[in-house]
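The lines below spell out each chain.
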Number of protein chains: 2
Amino acid sequence: MQTKKGRKLEKRFVAEGIRLLEESLKNNFLPIKLYYTESLLTDRGRWLVKEFEKEKVSLYNISAKDIISISDAGTSQGVLGLFNIPLLKPGIAFKKSRKLLLLDNISDPGNAGTLLRSALAFGFDAVILTNNSVDPFNPKVVRSSVGAIFGFPIITATVEEILRFKKYDGFKLIVADTKGIDLNSKKINIKNYSRIVLALGSEAEGISEYILSKADIKIKINHAAKVDSLNVAVAGSIIMKEFYK
Amino acid sequence: MQTKKGRKLEKRFVAEGIRLLEESLKNNFLPIKLYYTESLLTDRGRWLVKEFEKEKVSLYNISAKDIISISDAGTSQGVLGLFNIPLLKPGIAFKKSRKLLLLDNISDPGNAGTLLRSALAFGFDAVILTNNSVDPFNPKVVRSSVGAIFGFPIITATVEEILRFKKYDGFKLIVADTKGIDLNSKKINIKNYSRIVLALGSEAEGISEYILSKADIKIKINHAAKVDSLNVAVAGSIIMKEFYK
């Protein structure tokens, strides 16, 4: 389950630790199995296990050695959930959404998780990843999303499947691109963009030519020439914040 | 050199890979020794080694096995520099600066490095870290700074040393705090803040009470209630961007 192949075969993922599992509970996105180790639990952990019990989640009391061996972090707060990966089609996201984040070629799990967290914080309705991006159910992505993974639909699809959204009403494709218009330029009137897909590519390789060719608008963030570029999670979050104001 | 204690004893740090060493060269912040492995070098790497030779840096041609064993990344582009840690006092930063970033209790190396990169991108003149933060010359911080470490003064000091800046003209202490005023509120007129220290604390433990008590203004970033907080590197970068516009 801790490898991409394992997750694909089993359609399961793991989330561990109190903070993540509190988000699972809060969002009613429940594990199919909850493993816990009595001796490692704090009061908060014990309360959490009881709440999952009330929700009829299957509980397994296992040894400290066993929970640490399943854990990706190499340490444990004594609680770990096994979840079904929700298999969603991109059409679902487009039908009801106003703001979508599209991650193309984002391979760093920390950046991907941070972008999920910011997307949920800034009112995005779903996140779609092209299949050349990191697996969003990778334990490192789950951890750095700080539970955002439970808060809204996360969808993996091909570029072609994704770009079919163009048939839905009013969606504009905004691409972060260093050759774009300054985000704070008066030429960009955010009110004109009632439904958007914001696309971000990798720092090293940029965004796919195909996505770039479909852009309605390209946006850049002005910064001093002393650095070549911003971190992608920072750049994406700054743009998302602008569309949240 | 790859441990904090080692770096403190030797007052040296390591930066590896082409992108980082290009920044070292560009900023004329040169290594005291440059290790390279001919067989691992690309053309870009070979050019880089020649440039350091012109700058009279001591070069050491070592085996692939040796360079990988020194490397923190567990892989190598065949080039690695050993640098002196610049020992700067906070007073130096305050005398000539307009915008300073203060990191208190920031322990994640990826977040610290990303904040250094954003600070340089958004025109900050120096970064000061309290000594409860991660060592800024830790290889993971150096790497995620993408060379920003070479671009401006990075200073470690105690809170007391840092807060002496109050004697310098016109500095305002801005603290990121979830109980603050909204960053985009009309109450905040950025033009009133010609010289600033922007202080960020850890996500888990927040900022020291002492720094908070000295704040001239506390600023928060509005976001949806679906997440508890933003990643600290994202939050800090959004505020720095606002002061760059």
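All chains use their own residue numbering, which begins from 1 and follows the written sequence. Each chain is given a letter, starting from A, and each ligand a number, starting from 1, according to the order in which they appear as written. Reporting in this predicted model follows two pLDDT cut-offs: at least 70 for local features of residues, and 80 or more for side-chain atom pairs to be given and counted; totals over whole chains, interfaces and linings ignore these cut-offs and use all residues. Side-chain metrics rest on all non-hydrogen atoms present in the structure, leaving aside hydrogens and water.

What about the sheet that holds strand β8 (residues 171-182) of chain A?
All names here are of chain A. DSSP bridges decide pairing: two strands pair if at least two such bridges lie between them. Comment: elements are numbered from the N terminus, with helices defined as DSSP H or I runs of at least four residues and strands as E runs of at least two. Pairing is parallel across the open sheet formed by six strands, whose spatial order is β7-β6-β5-β9-β8-β10. Two strands lie at the open edges of the sheet, namely β7 (154-157) and β10 (217-220), each paired on one side alone. The average angle at which neighbouring strand axes cross in this sheet is 30°, direction not considered. Judged from the four bridges that link them, strand β5 (residues 99-103) and strand β6 (residues 126-130) form a sheet pairing that is parallel. Within β6, the position partnered with Leu-103 by the bridge is Leu-129. Across the sheet, helix α6 (residues 109-121) touches β5, β6, β7 and β9 (195-200), and the angle it forms with β5 is around 170°. Every axis in this analysis is a line fitted to C-alpha atoms, fitted for helices over the stretch in contact. Angles between the N-to-C directions lie between 0 and 180 degrees. Should any heavy atoms of two residues lie within 4.5 Å, those residues are considered in contact.

Some points on the sheet that holds strand β10 (residues 217-220) of chain B
As a general point, the strands of a sheet are linked pairwise by backbone hydrogen bonds and lie either parallel or antiparallel. All names here are of chain B. Within the open sheet, the six strands sit side by side as β7-β6-β5-β9-β8-β10. Their pairing is parallel. Two strands lie at the open edges of the sheet, namely β7 (154-157) and β10, each paired on one side alone. Across the sheet, the mean angle from the axis of one strand to that of its neighbour is 30°, orientation sign disregarded. In the sheet, strand β6 (residues 126-130) pairs with β7 via four bridges, with the strands oriented parallel. Considered in β7, the bridge of Ile-128 is made with Ile-155. Running over the sheet, helix α6 (residues 109-121) touches β5 (99-103), β6, β7 and β9 (195-200) and is turned about 170° from β5.

Looking at helix α10 (residues 232-242) of chain B
Residue and element names in this part refer to chain B. Using a 1.4 Å probe on the protein chains alone, a residue whose accessible area is under 20% of its type maximum counts as buried, one over 50% counts as exposed, and one in between counts as partly exposed. Of all eleven residues that make up α10, eleven are buried, and the element is covered over most of its length. If you check which residues of α10 are buried, you get Val-232, Ala-233, Val-234, Ala-235, Gly-236, Ser-237, Ile-238, Ile-239, Met-240, Lys-241 and Glu-242. If you check the start of α10, you find a side-chain oxygen 2.7 Å away from the backbone N of Ala-233, and it comes from Asn-231. Any pair of N or O atoms that falls within 3.5 Å is considered a polar contact. Within protein, one atom must be able to donate a hydrogen and the other to accept it, and sequence-neighbouring residues count only if both atoms are side-chain atoms.

So, the interface of chain A and chain B
In this assembly, 30 residues from chain A lie in contact with 30 residues from chain B. Take the accessible area each of two parts loses on contact, using a 1.4 Å probe, and add the two losses: that sum is the buried area. Carbon and sulfur atoms supply 54% of the area that chain A and chain B bury against each other, a total of about 2700 Å² over both sides. For chain A, the biggest contributors to the area lost against chain B are Arg-117, Lys-226 and Lys-241 of chain A; these three give 20% of the whole. The term salt bridge refers to a pairing of a side-chain nitrogen on Lys or Arg with a carboxyl oxygen on Asp or Glu at a separation within 4 Å. For the interface between chain A and chain B, the tally reads two salt bridges. Ionic pairing is found between Arg-117 of chain B and Glu-203 of chain A, a salt bridge with its closest N-O pair at 2.7 Å. At the junction of chain A and chain B, the tally comes to 13 residue pairs in polar contact (both at pLDDT 80 or more).

Comments concerning the pattern of salt bridges
Residue and element names in this part refer to chain A. Applying the stated criterion to the full structure yields twelve salt bridges over all chains. The shortest N-O distance in the salt bridge between Arg-44 and Glu-22 comes to 2.8 Å. Here Arg-44 is found in helix α3 (residues 43-54), whereas its partner Glu-22 is found in helix α2 (residues 18-26), with 22 residues between them in sequence. For Arg-44, a relative accessible area of 46% translates into the label partly exposed. On the basis of relative accessibility, which here comes to 22%, the residue Glu-22 falls in the partly exposed class. In the salt-bridge network here, residues are joined through shared partners; they are Glu-38, Asp-43 and Arg-46.

A closer look at the relation of the copies chain A and chain B
Only residues with pLDDT of at least 70 in both copies contribute their C-alpha atoms to the least-squares superposition of the copies. The operation relating chain A to chain B is a screw motion whose rotation component is 180°, with 0.0 Å of axial translation and a residual RMSD of 0.0 Å. Both copies are brought into coincidence by an operation consistent with a two-fold rotation axis. A shared interface surface links the copies, since 100% of the contact residues of chain A are contact residues in chain B too.

Considering the domain arrangement of chain A
Residues and elements named next belong to chain A. Where a domain begins and ends is set by an automatic assignment or by a domain database. Once the domains are mapped, chain A shows domain 1 (4-84) and domain 2 (90-242). For domain 1 versus domain 2, the separation of C-alpha centres amounts to 30 Å. Each side of the interface is counted separately: domain 1 has 14 residues, and domain 2 has 14 residues. Taken together, domain 1 and domain 2 are joined by zero salt bridges. Linking domain 1 with domain 2 are zero residue pairs in polar contact (both at pLDDT 80 or more). Only α1 (4-10), β1 (12-16) and α2 provide two or more residues apiece to the side of domain 1 that touches domain 2. Gly is put with the polar residues, along with every residue not named as nonpolar or charged; the nonpolar set is Ala, Val, Leu, Ile, Met, Phe, Trp, Tyr, Cys and Pro, and the charged set is Asp, Glu, Lys and Arg. Taken together, the residues of the side of domain 1 that touches domain 2 sort by class into seven nonpolar, two polar and five charged.

A closer look at the nonpolar core
Here, nonpolar core means buried Ala, Val, Leu, Ile, Met, Phe, Trp, Tyr and Cys residues that are tied together by side-chain atoms lying within 4.5 Å of each other. Among the nonpolar cores identified, the biggest contains 118 residues, and Leu-101 of chain A together with Leu-101 and Val-127 of chain B are the most heavily contacted of them. Setting aside residues no more than four positions away along its own chain, Val-127 of chain B makes contact with Leu-101, Leu-103, Leu-116, Ala-119, Phe-152, Pro-153, Ile-154 and Ile-155 of chain B. Listed in part, the 21 residues of the second largest apolar core include Phe-171, Leu-173, Ile-211 and Leu-212 of chain B.

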